[in-house]
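# Structural overview for review
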Amino acid sequence: MADGPVAEVLLRQLEAADGGLDSADLAAKLGVDHQAVVGAVKSLQALGEIIEAELRSTKRWELTAEGEEMAREGSHEARVFRSIPQEGLAQSELMQLPSGKVGFSKAMSNKWIRVDKSAADGPRVFRVVDSVEDEVQRRLQLVQGGQAEKLAEKERSELRKRKLLTEVTLKTYWVSKGSAFSTSISKQETDLSPEMISSGSWRDRPFKPYNFLAHGVLPDSGHLHPLLKVRTQFRQIFLEMGFTEMPTDNFIESSFWNFDALFQPQQHPARDQHDTFFLRDPAEALQLPMDYVHRVKRTHSQGGYGSQGYKYAWKLEEARKNLLRTHTTSASARALYRLAQKKPFTPAKYFSIDRVFRNETLDATHLAEFHQIEGVVADHGLTLGHLMGILREFFTKLGITQLRFKPAYNPYTEPSMEVFSYHQGLKKWVEVGNSGLFRPEMLLPMGLPENVSVIAWGLSLERPTMIKYGINNIRELVGHKVNLQMVYDGPLCRLDAEPGPPQTQGAA
Amino acid sequence: MPTVSVKRDLLFKALGRTYTDEEFDELCFEFGLELDETTSEKEIISKEQGNEKAEGASDVVLYKIDIPANRYDLLCLEGLVRGLQVFKERIKAPMYKRVMPNGEIQKLIITEETAKIRPYAVAAVLRNIKFTKDRYDSFIELQEKLHQNICRKRALVAIGTHDLDTLSGPFTYTAKRPSDIKFKPLNKTKEYTACELMNIYKTDNHLKHYLHIIENKPLYPVIYDSNGVILSMPPIVNGNHSKITVNTKNVFIECTGTDFTKAKIVLDVIVTMFSEYCENQFMVEAAEVVFPNGKSYTFPELAYRKEIVRADLINKKVGIRETPENIAKLLTRMCLKSEVIGDGNQIEIEIPPTRADIIHACDIVEDAAIAYGYNNIQMTLPKTYTIANQFPLNKLTELLRHDMAAAGFTEVLTFVLCSQEDIADKLGLDISATEAVHISNPKTAEFQVARTTLLPGLLKTIAANRKMPLPLKLFEISDIVVKDSSRDVGARNYRHLCAVYYNKNPGFEIIHGLLDRIMQLLNVPPGEKGGYVIKASEGPAFFPGRCAEIFARGQSIGKLGVLHPDVITKFELTMPCSSLEINIEPFL
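Residues numbered from 1 in each chain as written. Chains lettered and ligands numbered in written order. Predicted model: local features only at pLDDT ≥ 70, side-chain atom pairs only at ≥ 80, totals over all residues. Heavy atoms only, no water.

Named according to an unreviewed UniProt entry, chain B is Phenylalanine--tRNA ligase beta subunit originating from Callorhinus ursinus. The Cofactor (unreviewed entry) comment attached to chain B in UniProt states, word for word, "Mg(2+)". Per UniProt, chain B has the following entry under Catalytic activity (unreviewed entry): "tRNA(Phe) + L-phenylalanine + ATP = L-phenylalanyl-tRNA(Phe) + AMP + diphosphate + H(+)". (UniProt positions renumbered as here; feature names shortened; annotations may be inferred.)

Naming follows an unreviewed UniProt entry, where chain A appears as Phenylalanine--tRNA ligase alpha subunit of Callorhinus ursinus. One UniProt comment on chain A, placed under Subunit (unreviewed entry), says "Heterotetramer; dimer of two heterodimers formed by FARSA and FARSB." Here is the UniProt Subcellular location (unreviewed entry) comment for chain A, exactly as written: "Cytoplasm".

Spelled out as structure tokens, the structure:
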């Protein structure tokens, strides 16, 4: 290192010094250029707390180049005086001397010499006094020796006027020991390099400390959507519980599968234009399982399977009307119908998570489309207690343990119950799902055995997600208006982990 | 779910005790109701119209209670109190009886003209009823609740209640040309023809919702008394002549409709609720209705039906072990008078006319469970043993999503519903070329069609995020919908994968590289046979010469390319963009 020797000397001097030392003094002491010392100070500073350096500025007088020469050789006037022999010197000859011109006029005004203009071979210069005191040289030598203050102000200014002296501002450092003072120094490495590893030099090198308060550089990465991360977790929970995923990749459904098969009467308000998106094209379902359709028709209009029925004129046209499914229960109905065709009956556990559509009034928590989560268990002798038991296990996996159940009405389940959980934040019971046993009027026309019960429950995917992430407006979660920063910043979805503070949104 | 609002103090008086809000909320929860809100008229007005308007309004405390949609017997204070008092075993459920009048029976004759518009009618009389202001208000409010719910906004059933003493039977229910119907309607001072009324009511905030039921029909339904006085023009409005007041003593009730069953239920509900205030409590005077075929029926039906359910069935469905006697007791608390009969395991249940919701044994099972208390039922896990399977398409989707994110693309979630413009015009296509399914009743253009491509959703997402640092790399794996006559409903979903790259340069090579990566993930090697290739192609959405069709295992699965500047502009974007969209179903 270029600054090595000076820096090392500086540290040794500093170690011996009492309190500290001045960089200019040191430079003078070592006989090196002050800048070399300054460089050493700066490089030591960069190493951390080895030294402390306080910048000081001092003014001082320095000789100019001409002043230096005079201090060495004597003033011009003195040199002129000395060069004149007893017999005098021709003026023209004197003017040839290096100090001639300036020295002549100064020596004249000092009255050290005189000019005889009447000499035969032109003007001739003679000494007036025998010897002179070279006061200028003496003063310059004082300045050179750092004793400028011994000169009177007037004397200094006279020398300055003659451009022999100049006043300079000197920036020096007052250097003292730092908290990590050490005399053995070497420059810290910023980071480990392959060379250091191969040579092993890392063993001997000090490393510059990291600033752990600074932020790291985020990795370039893709991100999964928060709602779909929650969907993944729900799928996982169902799979852990042994539930098979139903096909739900049919957004278009006939009224038959969406309503009639579920024993939902044709005048039910949900079948109103105000609640459901019907299709203009294709307006009607092309095929329906007609045997089954007839059993459904009879159950609605006349009853049967132990039911009074709804006693109204059931219309096939109404059942054919196509729509965007209003719930995934239409897919459950199809799955149960398929199950019923398999003989003998085998117990089944089904689930689905997919989109449903409602022609509803939109607000901060309602969109025209959302995701529904549905679980279904079909087996002999299932009870309401079984439904509650499964719900308890299911919600426990979501991190929801305080549950209670409220009687409710659903057109296609009986008994029905709404599931409430105690929300710690809101300090009240909030509805978290809906459930029940499918009505026999729905199951028996499908061909399921009479002693088979089917328990089912459903909830929306959006609502628990919004609660989990503290999102108040559903549009901040779903659709094209979401802030991608929210997607970028989203944490892992861990439904059973302790709820953290609501996610703060970056660059809003 | 209907909500009824009742005066709290009136409710507590009728219940014979007071509750704290929490206690009452708890009772509701147990019974399957929900105390939705505690408020007052003043509070409601001040919330809706501001404090000034609320000045002077009543600050009597109101309970707003949510009632299950099939419990018409709980839609008024009278029914609510009766249901809760029986539930708490403070009273026994009353027996409702139809009685013949001392004098001549009131007759309603239906003419055949009604057949095409509103063929059914039922009627009954509440004799010697004693109204008070609160009772009268409740009577009117119950009709309104029934109209909004079971009556399907008067489409299925419409109720007319009349001061019988102002009328003279027999009554005729017929249908006439609107211009031939002229009367003074409720709360009007002069007579109008039906045509005029339909015009006037177009601006009536309440009645305008019902006009469509008969508006375009040649004949309107109308009921006359024997003197030609118009009782009502159902389902729109009653006549002013027979208007009931707090002082009315005898009420003639008619319900007309298109659903006979529901008309009978509605009539039963009204008379069972309000015969409480008749001189002979819970006695309802019969009326005779003569149908066009000459057959005559007596109403209200007030039918009690008996069901026999085995106690062990109830125990097995609920998951409890109660004795038949206890179960009978539980059911009796739900207004279903029950007793153990036969071999000691059978329970005979009497279903009263108020409980039209009980149509199957499962409804009885539920009532037993409610009375037992849902939260007292022992939770158990079923022994159902099953092996779980994922739906293969969703399994593939899940795997791909994760690797798309690993490839540096960010997942978005966009709507299935969109405008025609999004999937056609903006992509330079004609809507007929998209094979899109069309919605018949969209409230806004945003819900005209189901998407046939994922691209518009992704571009709209970029448009909403133009402030984000570039490049934007987005993807979505989700379903699109197209018409398909081979499917039962005439349409089907396809699972698509779409990705876009949006930056200062088009980045075709990035999207192309993503395709290579996807094919690598799907284990499809490059190459014509059994592998994948891209071939120069064109499409209106793409910049000429910058579009290729993707073939995998010999099948076209989609396209990739640099989007056409027109497309970019139409989606309100400013930078070049390349995209890729494929159907992933061939890789199952």
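Additional details are given in the paragraphs that follow.
## Regarding the overall build of chain A
Across its full length, chain A carries 19 helices and 16 strands. Against the globule reference of 23 Å for 508 residues, chain A gives a C-alpha radius of gyration of 51 Å, more extended than a compact globule. Each principal axis of the C-alpha distribution contributes one length, and for chain A these read about 160 × 50 × 45 Å. At a minimum sequence separation of 6, the contacts of chain A that also span at least 24 residues come to 68%. In the structure as shown, chain A presents an accessible area of about 24300 Å², 51% of it carried by carbon and sulfur atoms. Charge-centre separation for chain A: the mean point of 63 positive side chains lies 3 Å from the mean point of 63 negative side chains. (Helix = DSSP H or I, 4+ residues; strand = E, 2+ residues; numbered from the N terminus. Rg over C-alpha atoms; globule rule 2.2 N^0.38 Å. Contact = heavy atoms within 4.5 Å. Areas by Shrake-Rupley, 256 points an atom, 1.4 Å probe, with all protein chains shown as cover. Lys, Arg positive; Asp, Glu negative; His and termini not counted. Charge placed at Lys NZ, Arg CZ, Asp CG, Glu CD.)

## Some points on the pattern of salt bridges
The full count for this structure, using the stated rule, is 58 salt bridges over all chains. A salt bridge links Lys426(B) to Asp422(B), with the nearest nitrogen and oxygen atoms 3.1 Å apart. Accessibility assignment for this pair places Lys426(B) and Asp422(B) in one class, buried. Bridged by salt links that share partners, the residues Glu135(A), Arg138(A), Arg139(A) and Glu155(A) form one connected network. (Salt bridge = Lys/Arg side-chain N within 4 Å of Asp/Glu carboxyl O. Buried < 20%, exposed > 50% of the residue type's maximum accessible area, 1.4 Å probe, protein only.)

## Topic: the sheet that holds strand S3 (residues 89-90) of chain A
Within a sheet, neighbouring strands are paired by backbone hydrogen bonds and run either parallel or antiparallel to one another. Residue and element names in this part refer to chain A. Taken in spatial order, the three strands make up an open sheet running S3-S5-S4, and their pairing is antiparallel. Of all strands in the sheet, those with a lone pairing partner are S3 and strand S4 (113-116), marking the two edges. Across two bridges, the pairing between S3 and strand S5 (residues 124-127) is antiparallel. Residue Leu 89 lies in a different strand from S5, and its bridge partner there is Val 125. Where helix H7 (residues 100-109) meets the sheet, its contacts fall on S4 and S5, and the angle it forms with S4 comes to roughly 105 degrees. (Pairing = 2+ DSSP bridges. Axes fitted to C-alpha atoms, helices over the stretch in contact; angles between N-to-C directions.)

## A word on the interface of chain B and chain A
The partner chain A presents 109 residues to the 98 residues of chain B that form the contact. Carbon and sulfur atoms supply 57% of the area that chain B and chain A bury against each other, a total of about 8600 Å² over both sides. On the chain B side of the interface with chain A, the three residues burying the most area are Phe29(B), Met379(B) and Leu413(B), jointly 9% of the side's total. Linking chain B to chain A there are 54 residue pairs in polar contact (both at pLDDT 80 or more). Tallying contributions element by element places strand S25 (residues 472-483) of chain B first for the side of chain B that touches chain A, with eight residues. Split by residue class, the side of chain B that touches chain A holds 43 nonpolar, 29 polar and 26 charged. In the sheet, strand S9 (residues 279-281) of chain A pairs with strand S23 (residues 438-439) of chain B via two bridges, with the strands oriented antiparallel. When the sheet's bridge partners are listed, Leu279(A) is paired in S23(B) with Ile439(B). (Buried area = accessible area lost by both parts, 1.4 Å probe. Polar contact = N/O pair within 3.5 Å; in protein donor to acceptor, adjacent residues only side chain to side chain. Nonpolar A, V, L, I, M, F, W, Y, C, P; charged D, E, K, R; others polar.)

## Observations concerning empty space enclosed by the protein
With the rule as written, the count across this model stands at three cavities of 30 Å³ or more. Put simply, the largest cavity is a space of about 210 Å³. If you go around the largest cavity, you meet 20 residues; those closest to its centre are Arg231(A), Asp354(A), Asn394(B), Ile477(B) and Arg495(B). Only helix H11 (226-240) and strand S11 (348-357) of chain A together with helix H12 (392-406) and S25 of chain B provide two or more residues apiece to the lining of the largest cavity. Here the lining of the largest cavity gets four residues from one element, more than from any other, and that element is S25(B). Class assignment of the residues belonging to the lining of the largest cavity gives a composition of six nonpolar, four polar and 10 charged. Put simply, the second largest cavity is a space of about 140 Å³. What lines the second largest cavity is a set of 19 residues, among which Pro68(B), Asn70(B), Arg71(B), Glu366(B) and Ile370(B) lie closest to the centre. Tallying contributions element by element places helix H11 (residues 361-372) of chain B first for the lining of the second largest cavity, with four residues. (1 Å grid on protein atoms, 1.4 Å probe; cavity = no way out; pocket = protein on both sides within 12 Å on 5 of 7 lines; lining within 4 Å. Points joined across faces, edges and corners; volume = space filled by probe spheres on them.)

## Focus on the side chain of Ser254(A)
Examined against the element boundaries, Ser254(A) turns out to sit in strand S8 (residues 252-254). Under the relative-accessibility criterion, Ser254(A) is labelled buried at 0%. With residues near it in sequence (within four places) discarded, Ser254(A) still touches Ala285(A), Leu288(A), Ala319(A), Arg320(A), Lys321(A), Asn322(A), Leu323(A) and Val489(B).

## Remarks on a nonpolar patch on the surface
Taken together, the side chains of Leu192(A), Ile197(A), Trp202(A) and Phe207(A) present a nonpolar region at the surface, about 380 Å² in accessible area. The exposure class assigned to Ile197(A) is exposed, which follows from its relative accessible area of 54%. (Patch = residues over 30% accessible without salt bridge, like charges linked within 9 Å, V, L, I, M, F, W, Y side chains within 5 Å.)

## Observations concerning the nonpolar core
Of all hydrophobic cores here, the largest spans 141 residues; its most connected members are Phe234(A), Phe394(A), Phe24(B), Ile65(B), Leu126(B) and Leu146(B). Per element, the largest residue contribution to this core is nine residues, and it comes from helix H8 (residues 260-274) of chain B. Residues in contact with Phe234(A), not counting those within four places in the same chain, are Ile353(A), Ile373(A), Phe394(A), Leu398(A), Leu459(A), Leu461(A), Pro464(A) and Leu495(A). Within the second largest apolar cluster, 52 residues are counted, among which are Ala261(A), Tyr310(A), Phe357(A) and Val452(A). (Core = buried A, V, L, I, M, F, W, Y, C linked by side-chain atoms within 4.5 Å.)

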